[in-house]
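Read off the chains here:
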Amino acid sequence: MTASLFIAVRSSVAVAGGDEVATQYKFQEMPIAFPPGYESQKMNTVRTVNPSYEKIRSWVSSVGAGIAINDLTGHGLADGMCIVDTRTDQIVVTYTPTARPADKFTPFVLNAAPLPMDAAMAPTGCTPGDFNADGRMDLLATYWGRTPVLFLANSDATGPAADSYTPREVVPSQSLDGKYHGPRWNTDAAYVGDLDGDGHPDIVIGNYFPDSDVLDPRGLNNVQMNDSLSSARNAGGDHVLRWVKSTTGTDPDAFFVEERTAIPFDAATGWTLAIAGADLTGKGLPDLYIANDFGHAHLLYNRSVPGRIAFTEATGRRDATTPKSFVLGKGSFKGMGVDFADVNHNGSFDIMVSNITAAWGLEESNFLWINQAKNNDEMKEKLEQDIAPFTQEAREHGVAWTGWGWDTKMADFRNDGDLAILQADGFVKGNIDRWPWLQEMAMTNDDLLSNPRMWPNVQPGDDLAGDDVLAFYAKTPSGTYANISKELGLAVPTPTRAIATGDTTGSGLLDFAVARQWGPPAFYANQAPRPGNHLDLRLYRPTGTEGAGQGLVNTGSPAYNATVKVTTPRGTQISQLDGGSGHGGFRSFEVHFGLADYQGPVDVELCWRDASGQLQMKDLQLKPGTHSLQLTSDVQEVPSR
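Conventions used here
- Residues numbered from 1 in each chain as written.
- Predicted model: local features only at pLDDT ≥ 70, side-chain atom pairs only at ≥ 80, totals over all residues.
- Heavy atoms only, no water.
- Core = buried A, V, L, I, M, F, W, Y, C linked by side-chain atoms within 4.5 Å.
- Buried < 20%, exposed > 50% of the residue type's maximum accessible area, 1.4 Å probe, protein only.
- Helix = DSSP H or I, 4+ residues; strand = E, 2+ residues; numbered from the N terminus.
- Contact = heavy atoms within 4.5 Å.
- Polar contact = N/O pair within 3.5 Å; in protein donor to acceptor, adjacent residues only side chain to side chain.
- Pairing = 2+ DSSP bridges.
- Axes fitted to C-alpha atoms, helices over the stretch in contact; angles between N-to-C directions.
- UniProt positions renumbered as here; feature names shortened; annotations may be inferred.
- Patch = residues over 30% accessible without salt bridge, like charges linked within 9 Å, V, L, I, M, F, W, Y side chains within 5 Å.
- Areas by Shrake-Rupley, 256 points an atom, 1.4 Å probe, with all protein chains shown as cover.
- Salt bridge = Lys/Arg side-chain N within 4 Å of Asp/Glu carboxyl O.
- Lys, Arg positive; Asp, Glu negative; His and termini not counted.
- Charge placed at Lys NZ, Arg CZ, Asp CG, Glu CD.
- Arc of directions from axis to C-beta.

Per an unreviewed UniProt entry, the chain goes by ASPIC/UnbV domain-containing protein and derives from Kitasatospora gansuensis.

(A) Inspection of the nonpolar core at higher detail. In this structure, Leu539, Val604 and Leu606 are the most contacted members of the largest nonpolar core, which totals 60 residues. With five residues, strand β8 (residues 149-153) is the single largest residue contributor to this core. The residues contacting Val604, other than those within four sequence positions of it, are Leu535, Leu537, Val564, Lys565, Val566, Lys618, Asp619, Leu620 and Leu622. Counting 59 residues, the second-largest nonpolar core is a separate cluster that includes Leu229, Phe413, Leu470 and Ile484.

(B) Quick look at the side chain of Arg168. Tracing the chain through its elements places Arg168 in strand β9 (residues 165-169). A relative accessible area of 19% means that Arg168 is categorised as buried. Polar side-chain contacts of Arg168 include one of 2.8 Å to the backbone oxygen of Pro252.

(C) Quick peek at the sheet that holds strand β14 (residues 271-278). Pairing within the open sheet is antiparallel, and its four strands lie in the order β14-β15-β16-β17. A single partner strand is all that each edge strand has here, and the edge strands are β14 and β17 (311-314). Ignoring strand direction, the axes of neighbouring strands in this sheet form an average angle of 30°. Against the sheet, helix α4 (residues 376-384) engages β15 (287-293), β16 (298-302) and β17, with an angle of about 110° to β16.

(D) Structural view of the side chain of His583. Within the element layout of this structure, His583 appears in the loop between β34 (571-576) and β35 (585-586). For His583, a relative accessible area of 2% translates into the label buried. In this structure the side chain of His583 is engaged in a polar contact, spanning 2.6 Å, whose partner is the backbone oxygen of Leu273.

(E) How the structure looks around the UniProt feature "domain: ASPIC/UnbV" (unreviewed entry) in the chain. When the UniProt feature table is mapped onto this chain, "domain: ASPIC/UnbV" (unreviewed entry) is found at residues 559-612. Helix makes up 0% of residues 559-612 and strand 52%, whereas the separation of the span's terminal C-alpha atoms amounts to 12 Å.

(F) Here's a closer look at a positive patch on the surface. A surface patch of positive charge is lined by Arg233, Arg317, Arg318, Lys324 and Lys330. Within the secondary structure, Arg318 sits in the loop between β17 and β18 (337-341). Residue classification places Arg318 among the exposed positions, given a relative accessible area of 54%.

(G) A look at unusual backbone geometry. Following Ala113, the chain continues into Pro114 via a peptide bond in cis, with omega recorded as 15°. Here Pro114 shows up in the loop between β5 (108-109) and β6 (122-129). Look at Phe294: it is not a glycine, yet its phi comes out positive at around 60°. With respect to the helices and strands, Phe294 occurs in the loop between β15 and β16. With a phi close to 65°, Trp518 is a non-glycine residue in the positive phi region. By secondary structure assignment, the location of Trp518 is in the loop between β29 (511-516) and β30 (522-526).

(H) Seen up close, helix α6 (residues 435-442). All of the buried residues along α6 are Trp435, Leu438 and Met441. The buried residues of α6 occupy one face: seen down the axis, they fall within an arc of 120°. Exposed and oriented more than 90 degrees from the buried face of α6 are Pro436 and Glu440. Considering only its buried residues, α6 is in contact with α3 (57-60), β24 (432-433), α7 (446-449) and β25 (462-463).

The following block contains the structure:
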């Protein structure tokens, strides 16, 4: 009986119409420019780790690759990239292969000196953002082995370069001997958004391993693994950092304080791999989804006020036919990536979550949480009651099973109004199949799991889902998704970790880039043969900084968490200016909608917080195309560059 049910469910993976829809997409992989001499240095394939982790060093070495696309020059196009390359443990800043000549610069590596760094640290993420509201793009770097570093753009910088940024500690730390003495955070996720509605970006850091010497071969025996495969709470957990003040100029700085009680304790101690946010209620504050490995995810309802950040947890409700893990916040699956978007075209945010879904492996299911609230008021009422009104419909939509999933991004790549779903995939690449060992470990008593010595060997040469490939789910005429990665030439058998999207050419078509674990990153230029019309909104708040387009100064500072609803005869869509969501991959800041063949005026509903933190709303009509809007207490269109 069990086998027949399994076969019946798995048969839904083959989706009619996949071959047909694949002809509507086309991508060209293009070479990425690296710093001079970069590719001639030694390229690593595994990390040096704490002696207690030596037998599972390939497992410990399985994360860290990251990528972001954004406007780094201030010239109006998202044609810059920030890449975390695990092969060198360096952060590379470069331009997209599609960048126009005016936006190209000599690629370089970010250097945190004079801040203390050591060999027991490795970068794990790079999040672009404007953290001091001067209109210049800064870079937030996260690490294993230390707290984050902000690279703040200098006012006298004429273009992106190694000396164009001043590194600053996000968490205050002093060193009298030149060595690092701060907390040994091991970060795998970062989210940036205006959490308290004061008009400035705050930061949420998601840590994996507890604060410990993970990458120190001479480190103390202070490391551990998860204490459960389904409800682990012994991790580094989550830290909320509230913006307090900042300065600009040639010696810029930004100051944050940790809001230690912002997230309920029971929801802040998981093995976090991804964080995403979206305003679910229309009150201009992002709610958060925290995806944890080895345990429950958490949907956090934002109850903050300016100067104080506070969340409460909302969970789903179960009926007689709902498996426990299909109740939001109660599941035991291995959350690896998360993204908010409007999947079913009804003007509300849904949630896509990556899990481990390897056939004949630890076969769980991806989550596609479909929003069941009728409107913002009903969503607010439910969240106020700690109820998460979402149902799990990944199988019904055709996205339940991929492999060993990681970062996920939803975006409209052919401007037809339907979102595609990208998913990074794969774990440890080798030539010896170790699934039997992993299956055996899955049946181990939880009391033994936290001891690394009780884990099976996962070392160089061992393989766990190492040939899994990037997934590209496209919606078929039936409304069900089909994975057309192979048909599009994207099925490269190297584990991927992070995905970034952006309109890098100003054409209204989204390109994307992928970070690979222990492999070179890839950039894919969008060459859709018959794309529809589009509406792209670049949303800014004024900064008072003069000289937009000069040096690194942009039109303004990004209007973090601004939400946009657009309505055409086909229906309503919602999207947002996403300041940074996911696992290691960060999309650019434009708010993008595909309009298919519609050419008339688009009804637009804007909701944002102005520079003083006041909630603003505005209805307007815009023609299809690209618009740059300055958001104050009103909306003013400014020239798009």
